[in-house]
Amino acid sequence: MGLKILSASQFTIEELTDFYNQTRVDYLVPMPMSVDVMAEYIHDFDVDLELSPIIQDEDTSEFFGIGMLGVRGDSTWITRLGVTTASRRKGAGAAIMNAFFDASKKIGAKRTILEVIKNNVPAQTLFERNGFKKTKELLVLRRAPIRPPLSPEGEITWLYRKDALAALRSYPHPLTWINALESMENASMFQGFYIKLKDGTRGWLVYRHKKQSITHFEFHTEYGNPVKMARNILLYLHLQYHRMDSYSENLFADDPHLPAFFDLGYFEAFRRIEMVKEYTD
Amino acid sequence: MAKILLIEDIADNASLVKRAVKAKGFDFIWAKNATEGIKIALEEIPDIILLDLGLPDVDGQTLSTWIREEKTLWEIPIIVMTAWPEATAQQTVKAYQLDGYLSKPFNLKKFWEIIDTHVKA
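Residues numbered from 1 in each chain as written. Chains lettered and ligands numbered in written order. Predicted model: local features only at pLDDT ≥ 70, side-chain atom pairs only at ≥ 80, totals over all residues.

Enquirer: Go over the overall build of chain A with me, naming the residues and quoting the values.
Expert: On a plain count of helices and strands, chain A comes out with eight helices and 12 strands. Considered along the principal axes of its C-alpha atoms, chain A spans approximately 70 × 40 × 35 Å. The burial tally for chain A puts 42% of its 281 residues in the buried class. Excluding contacts between residues fewer than 6 apart, the proportion of contacts in chain A whose partners are at least 24 apart in sequence is 70%. (Helix = DSSP H or I, 4+ residues; strand = E, 2+ residues; numbered from the N terminus. Buried ≥ 20, exposed ≤ 12 C-beta atoms within 10 Å, placed from the backbone. Contact = placed C-beta atoms within 7 Å.)

Right under this line is the structure:
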């Protein structure tokens, strides 16, 4: 059985969405997408369709697998990788990985990044065999819309899009691909809050406000107690958006603000592992 | 005749549920995404909603909050269908004030145990 590798740019968004959803039916976290969600994802996370492979049967053109490659500066990011159930163990996964590596080298990338569900040990083993190393453990948290029982302390000011982007530009720590400055610059609704507490604690939260949820939180404590700072901002946030569902993706497992999330009713949905492959030559 | 609304994007899973509930004489309605799900729920007022958490347009958790906000729907039992580990499924049910969960892959015995708890045929 021969495989052919095509560029995703040869297909419509509708076709790509259908391909992607076909590969996810038996996943633990299937995350299927509508056409609109897929289009937003490609836009916000700088997916380069020209460099993203679609694998088909060489003779029949039956669809076997898909992968998408984000490109920013000298980094590439592997996402939406999947092979249909019927065509697994036939080399489609390896063909997609090779296409990613070839594309990354072609554009002079210094590293390729990906995230994988923590419980998916076979996938992590496969990526390790392909030269990836585990770098970070990431949490995905959720919260149902409930009005908080308390009011926040401190002086809180809104950060509108421009101010929120400026805050994120000053962020001193690394961010994952989906929460990086470029993702927020691409996103349509991005804002935040700044807080000053009586004891001098101060800091900010930036987040995306989507039509049906608030997502992609990043906290930064400039001074003082991170849990106190985050708890008061979250109280304010959930009073403002008390009917909105919330989820926070890719928080670092050692993020000092985490206890505040749990205080406000967030729970852990699942964990991801970030893996990175560096190109030395 | 009790009416079951299934909100699930995968046709094979929907066929499986349809066969099971039709065999017992229930009315079966299928919506393949969240947008269609809320619309059909409001039109049909089902006796129970079976809700897949991984939907393509809006995920099941968020959809459940929309359903709970609708006065004509808020008392309808919602059972989520998920492949999540048990602890995560339980936390989701508790946090979103849902009525139970069914683990995937589909187990007919457990399916009827939970349906019979909430619906009379």
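Enquirer: How would you explain the pairing of strand E10 (residues 213-223) of chain A if you had to name every residue and give the values?
Expert: Residue and element names in this part refer to chain A. Bridge count for strand E9 (residues 202-209) against E10 is seven bridges, and the pairing is antiparallel. Note that in E10 the partner of Trp204 across the bridge is His220. Connecting the antiparallel pair E9 and E10 is a turn made up of three residues. Pairing of E10 with strand E11 (residues 245-252), which is carried by three bridges, proceeds in the parallel orientation. By the bridge assignment for E11, Ser213 is matched with Asp245. (Pairing = 2+ DSSP bridges.)

Enquirer: Would you mind going over the sheet that holds strand E1 (residues 3-7) of chain A in detail, with residue names and values included?
Expert: Residues and elements named next belong to chain A. Pairing within the open sheet is mixed, and its 12 strands lie in the order E1-E2-E3-E4-E5-E12-E6-E11-E10-E9-E8-E7. This sheet does not close on itself; its edge strands, each paired only once, are E1 and strand E7 (155-159). Ignoring strand direction, the axes of neighbouring strands in this sheet form an average angle of 25°. Relative to strand E4 (residues 75-83), strand E3 (residues 63-72) runs antiparallel, the two sharing seven bridges. (Axes fitted to C-alpha atoms, helices over the stretch in contact; angles between N-to-C directions.)

Enquirer: How would you sum up the interface of chain B and chain A? Please name residues and give values.
Expert: You'll often see interface size given as the accessible area lost when the parts meet. Residue-level contacts link 17 residues of chain B with 20 residues of chain A. Its residues assigned to classes, the side of chain B that touches chain A comprises seven nonpolar, seven polar and three charged. (Nonpolar A, V, L, I, M, F, W, Y, C, P; charged D, E, K, R; others polar.)

Enquirer: For the environment of A:Pro172, give the residues involved together with the corresponding values.
Expert: In this structure, A:Pro172 sits in the loop between helix H5 (161-169) and helix H6 (181-186). For the pair formed by A:Pro172 and A:His220, sequence separation is 48 residues and the distance between their alpha carbons is 8.7 Å.

Enquirer: So what's going on with unusual backbone geometry? Residues and values would help.
Expert: Note the cis peptide between B:Lys104 and B:Pro105, where omega equals 0°. Structurally, B:Pro105 can be placed in the loop between strand E5 (100-103) and helix H5 (108-118). Even without glycine at this site, A:Asp46 takes up a positive phi of about 55°. Here A:Asp46 shows up in the loop between helix H2 (35-44) and strand E2 (53-57). Of note, B:Gln97 is a non-glycine position whose phi angle comes to about 50°, a positive value. Residue position: B:Gln97 is located in the loop between helix H4 (86-95) and E5.

Enquirer: Talk me through the sheet that holds strand E1 (residues 3-7) of chain B; I want residue IDs and the actual numbers.
Expert: Residue and element names in this part refer to chain B. Here we have five strands laid out as an open sheet, ordered E2-E1-E3-E4-E5, and parallel in their pairing. In the strand order of this sheet, the two ends are held by strand E2 (27-31) and E5, each with one partner. Adjacent strand axes in the sheet meet at a mean angle of 20°, parallel and antiparallel pairs treated alike. Pairing of E1 with E2, which is carried by five bridges, proceeds in the parallel orientation.

Enquirer: Requested: an account of the confidence of the model for chain B, with residues and values cited.
Expert: Put simply, chain B has an average pLDDT of 92, and 99% of its residues get 70 or more. Of the two predicted TM-score estimates for the complex, the pTM is 0.91 and the ipTM is 0.83. (pLDDT = per-residue confidence, 0-100.)

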